[in-house]
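Below are the chains, spelled out letter by letter.
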Amino acid sequence: MLKYLRTIVPAAIAIAMVGVAPVHAQQVTGTPGSPGATTTIPGNQLPPPDPKFGGVIKDDALQSKPWWAPRVVPPKGAPNVLLIITDDAGFGVPGTFGGVIPTPSMDRIANEGLRYNRIFSTALCSPTRAALITGRNHHSAGFGVVSEQSTGFPGYNSIIGKDKATIGRILLDNGYATSWFGKDHNTPAFAASQVGPFDQWPTGMGFEYFYGFVGGDSNQWQPNLFRNTTQIYPFEGKAPGTWNLVTAMADDAIDYMTRIHQTDPNRPIFIKYAPGATHAPHHPMKEWVDKVHAMHLFDDGYEKLRERIFANQKRLGVIPQDAQLTPWPAEILKPWDKLTADEKRLFIRQVEVFAAFAAYNDHEIGRVIQAFQDLGKLDNTLVIYINGDNGTSAEGGPLGTPNEVAWFNGVSNMPAEMQLKWYDVWGTEQTYNHMSAGWSWAFDTPFDWFKQNASRLGGTNQNMVVSWPARIKDKGALREQFVHVIDVVPTILEAAGLSAPEVVDGIKQAPIEGTSFAYTFDAANAKAPSRHKTQYFEMMGQWALYHDGWLLGTKVNRAPWEAFGPANPDPLNNQEFQLYDLSRDFTQSEDLAAKHPEKVKDLKQMFVAEAKKHQVFPLDASVAARIVAPRPNITAGRTEFVYTRPMTGLPQGDSPMLLNASYTITAAIEVPQGGAEGMILTSGGRFAGYGFYLLGGKPVFLWNLVDLERLKWEGPDALTPGPHTLEFDFQYEGLGAGTLALNNFSGVGRPGTGTLKVDGKAVATKRMEKTLPMILQWDESFDIGSDTLTGVNDADYRPPFPLTAKLVKLTIKVDRPELSPADIKKLEEGVAKAADAK
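Residues numbered from 1 in each chain as written. Predicted model: local features only at pLDDT ≥ 70, side-chain atom pairs only at ≥ 80, totals over all residues. Heavy atoms only, no water.

**Overview of the nonpolar core**
Using the following cut-off: Nonpolar cores were defined as sets of buried Ala, Val, Leu, Ile, Met, Phe, Trp, Tyr and Cys residues, with membership established by side-chain atoms within 4.5 Å. For each residue, the accessible area found with a 1.4 Å probe, counting protein chains only, is set against the maximum for its type, and the residue is called buried under 20%, exposed over 50%, and partly exposed in between. Secondary structure follows DSSP: runs of H or I at least 4 residues long count as helices, runs of E at least 2 residues long count as strands, and numbering of each begins at the N terminus. By the convention used here, residues are in contact when the closest approach between their heavy atoms is within 4.5 Å.
Grouped together as the largest cluster of nonpolar side chains are 191 residues, with contacts concentrated most on Y211, Y273, F298, W439, F443, L681 and W703. Here this core gets 17 residues from one element, more than from any other, and that element is helix α8 (residues 341-374). Apart from the residues within four sequence positions on either side, Y273 is in contact with L82, L83, I84, I85, F181, V246, M249, A250, A253, E364, I365 and V368.

**Side note on the sheet that holds strand β18 (residues 534-539)**
Pairing between sheet strands relies on hydrogen bonds along the backbone, with the strands arranged either parallel or antiparallel. Where we set the bar: DSSP bridges decide pairing: two strands pair if at least two such bridges lie between them. To obtain an axis, a line is fitted to C-alpha atoms, over the contacting stretch when the element is a helix, and the angle between two such axes runs from 0 to 180 degrees between their N-to-C directions.
Within the open sheet, the 4 strands sit side by side as β18-β19-β20-β21. Their pairing is antiparallel. Looking along the sheet, the strands with just one partner apiece sit at the ends: β18 and β21 (577-581). Averaged over neighbouring strand pairs, the angle between their axes works out to 10° when direction is ignored. Two strands pair when backbone bridges link them, and β18 and strand β19 (residues 542-547) are joined in this way by 6 bridges, in the antiparallel orientation. Pairing of E538 across the sheet is with W543, part of β19. Along the sheet face, helix α14 (residues 597-613) touches β18, β19, β20 (550-554) and β21 and points at about 105° away from the line of β19.

**Observations concerning the environment of L592**
Relative to the elements of secondary structure, L592 occurs in the loop between β21 and α14. For the pair L592 and L579, spaced 13 residues apart in sequence, the C-alpha to C-alpha distance is 5.0 Å. Not counting the four nearest positions on each side in its chain, L592 is found in contact with W550, L579 and D581.

**Some details on the pairing of strand β29 (residues 722-732)**
With 9 bridges joining them, strand β24 (residues 662-671) and β29 adopt antiparallel strand pairing. Paired with A668 across the bridge in β29 is T725. Note: β29 against strand β30 (residues 752-758), 7 bridges, orientation antiparallel. Each residue of the ladder has a partner; that of E727, found in β30, is K757.

**Quick notes on the sheet that holds strand β27 (residues 698-705)**
The strand order across the open sheet built from 6 strands is β23-β32-β25-β26-β27-β28, with neighbouring strands paired in antiparallel fashion. Each edge of the open sheet is held by one strand with a lone partner, namely β23 (647-651) and β28 (709-714). The mean inter-strand angle of the sheet, taken between neighbouring strand axes irrespective of direction, is 10°. Alignment of strand β25 (residues 678-685) against strand β32 (residues 781-784), held across 3 bridges, turns out to be antiparallel. The partner of L681 across the bridge, within β32, is I784.

**Observations concerning the packing of helix α2 (residues 104-112) against α8**
Counted only if it meets this: Working rule for angles: under 35 degrees goes down as roughly parallel, over 145 as roughly antiparallel, 65 to 115 as roughly perpendicular, anything else as oblique. As a working rule, the residues Ala, Val, Leu, Ile, Met, Phe, Trp, Tyr, Cys and Pro are called nonpolar, Asp, Glu, Lys and Arg charged, and the rest polar, with Gly in that last group.
Running from N to C, α2 and α8 cross one another at 45°; their axes reach a closest spacing of 7 Å. The orientation of α2 with respect to α8, classified from their angle, is oblique. Seen from α2, the contacting residues are P104, S105, M106, R108 and I109; seen from α8, they are D362, H363, I365, G366, I369, Q370 and Q373. Of the residues contributing to the contact of α2 with α8, the split by class is 5 nonpolar, 5 polar and 2 charged.

**Thoughts on the packing of helix α5 (residues 245-263) against α8**
Relative orientation of the contacting elements α5 and α8 amounts to 10°, with a least axis distance of 9 Å. In this view, α5 runs roughly parallel relative to α8, as classed from their interaxial angle. Residues V246, T247, A250, D251, A253, I254 and M257 of α5 touch α8, and the partners they reach there are F357, Y360, N361, E364, R367, V368, A371 and F372. For the contact of α5 with α8, the per-class residue count stands at 10 nonpolar, 2 polar and 3 charged.

**A few points about helix α7 (residues 302-316)**
How we decide: By this rule, a helix spans an expected 1.5 Å times one less than how many residues it contains. By definition, the arc is the one covered by directions from the helix axis to the C-beta atoms.
Its 15 residues give α7 an end-to-end C-alpha distance of 21 Å, which sits within 8% of 21 Å, the value for a rise of 1.5 Å per residue. All buried positions along α7 are accounted for by Y302, L305, R306, I309, F310, N312 and Q313. Angularly, the buried residues of α7 cover 160° about the axis, an arc narrow enough to put them on a single face. Count one or two residues on from α7 and you reach G317, which has phi positive near 80°.

**Section: the pattern of salt bridges**
What counts, and what does not: Any Lys or Arg side-chain nitrogen found within 4 Å of a carboxyl oxygen on Asp or Glu counts as a salt bridge.
Taken as a whole and assessed by the stated rule, the structure comprises 35 salt bridges. Among the salt bridges present, the one from D252 reaches R227, with a minimum N-O distance of 2.8 Å. Here R227 lies in strand β9 (residues 225-227) and D252 lies in helix α5, a separation of 25 residues in the sequence. Given a relative accessible area of 9%, D252 falls into the buried group. Between K286 and D290 there is a salt bridge; the shortest N-O distance is 2.9 Å. Taken as a pair, K286 and D290 lie in helix α6 (residues 286-295) at a separation of 4 residues, close to a single helical turn.

**Quick look at the confidence of the model for the protein chain**
As a reminder, the rule being used: The predictor attaches a confidence to each residue, and that confidence, scored 0 to 100, is pLDDT.
Summary statistics for the protein chain give a mean pLDDT of 95 and a share of 96% for residues scoring 70 or more. Confidence drops under a pLDDT of 50 for residues 1-23, and excluding neighbours within four residues, the segment shows 51 contacts in the predicted structure.

Encoded structure:
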């Protein structure tokens, strides 16, 4: 039976079967058994059991009585829900909370509803989003880190357990139309291919419709875009700079809600709206860059910006008047007056593009909000607009970068004079850009530090606006209660008059760990004590514990761009602890640890208890090392891969990994009369990857080293018509990624020698002094026979660059280094010495 027609036994029978009374009385409309009848369900068991046939069956139809199961609907008055979460945006980004970037759409919701200044994230993308859609803590939901860093422990495997049904699934089975637009960072990287399984895709987690990208970020001009589970390319054929995902997803969301409304005006709609902005790459339309540039918001530098935002926040009353601003961290972020002229010019360009991205994104969000009003639905729509899934990102490093993929491979200090060659195309399809961390620090005002920093409010304290005109009457007011993203699910359920299910698909559900903040909707509760009393935080070895206004946290010992050194081997204990009374100190400005050692001890014990309860152990302070940690993708354990026909779209997480290994790629092809050209094999794209192709009939193998260098092996002659065997053999000289398990980076990114052969004869040999240690461009795919999205070398070809020769067979053999007992002993001795020295 269709999901829309899933039905229930009468409430009394359901209670007897499950043993739990429904929270709300059953609501039935229409004549039972008629085609138009509807019913609510207890909701403790999803999907609800099919009811017993209520008609009459005789030998012939004329003597029989038909009966239709009632259609399941939510309780009367259940609101539409628009759940918006932006990306990598700290407290000081939106104008709504004192920032200088115009955010009129956020203003609109704030003025019609409520502002919240103590809504907390987990400090990182996937973890916050897993908590947001499940109502459970990020480790409880398997997302202790982003999916690309998953490891084989329950709190870190990037798999949302079947005992943790999402808000999409709960609302769907209760009669809502459910959808997800934009970023999906909760599908495991090893389950993102067309092989599936698709149970961890949005459509497998209760969201009937999905339009967006899978992964941490995406090129907004040429995204790895999916409709449900099918990759689509609506930008193909469009002139550069004319199609952008930020607008396209708003268009698609408006089309979706309009179709649902016109088909069934009474059916409530739930939309999770998760744009890629303002995560890198910062890709706004040019007119928005021009608008922001004309405003000259950033000409006096990031310290002045911070002071201006702080003053605005006090003027607006969104932070306490006695809040203190912590000192500028001159030891890690060069003060503005110490920058060179080139650095100032570059940094202003970087931040103007970021600001344009934020303003553009808010504008498109406004179109979606307006569409609810145009359909006459806004009055009974609960809009939850969360600014940021963590604090502003500093992953561009102090200097910023034209290519974020470079940072993930350890290249984070590209001089300004080098970056300036991208000045005129910053934010276009030619860059995968990020800004200087100085701006990121300013955009986290009134707090300090960044995304990734789970113990500092700059990493975790977001802001949020909520409106629901039919319910919230205290328009424009501020709420200061402690709220965490795990509180969103129970709040939506309470607003809809629904209870959390006890059983879904026959699986007993883990308890919801969040606390509804619907009580704050009423003016009478404006100053009510926070009902969320205790909350732990942990991200890559940095951790904190909040309890009744107190916050114990570890002192930051690593800037986010410092991801490639040995990790702290004992992050539970080998830390300096800081203690704050947030009830008196809004910004974490006064460390009280020395004054209250017993409070430090008590809160640490409480953290340990919470960590045990929510699958936080084992603590792991590694960052980049986890990117290449072994995980169960479809290539795991395989050393040979064979392909006999073209294939595109295989994501990096499910394709053969050639980094830090020796490998041989052999292509048997047949060249037609007149010669051939085109792509044989490629993985990655403009910002990092490799390609094996025919150019002017000549075989070429090329490595794109994060758009800074391209190393090319090329045959001297065009291939003659007929069969040929092409081979690229690479001999790696390092110990391999196995050294990372011993807290050592010496085995990755090492040199090697590549040889290109034609019909068994070597035609080009070249040594690579440096190889990519961590990752190719993750939003690009592994393609055979053509090249999707961007190419690895614009100077040679433009995608799709189809292969005009016949591909007979393509074979990839990978020989990964294995550590010998002597290697392991030597590395362990090195780790021990480093620990002793520390």
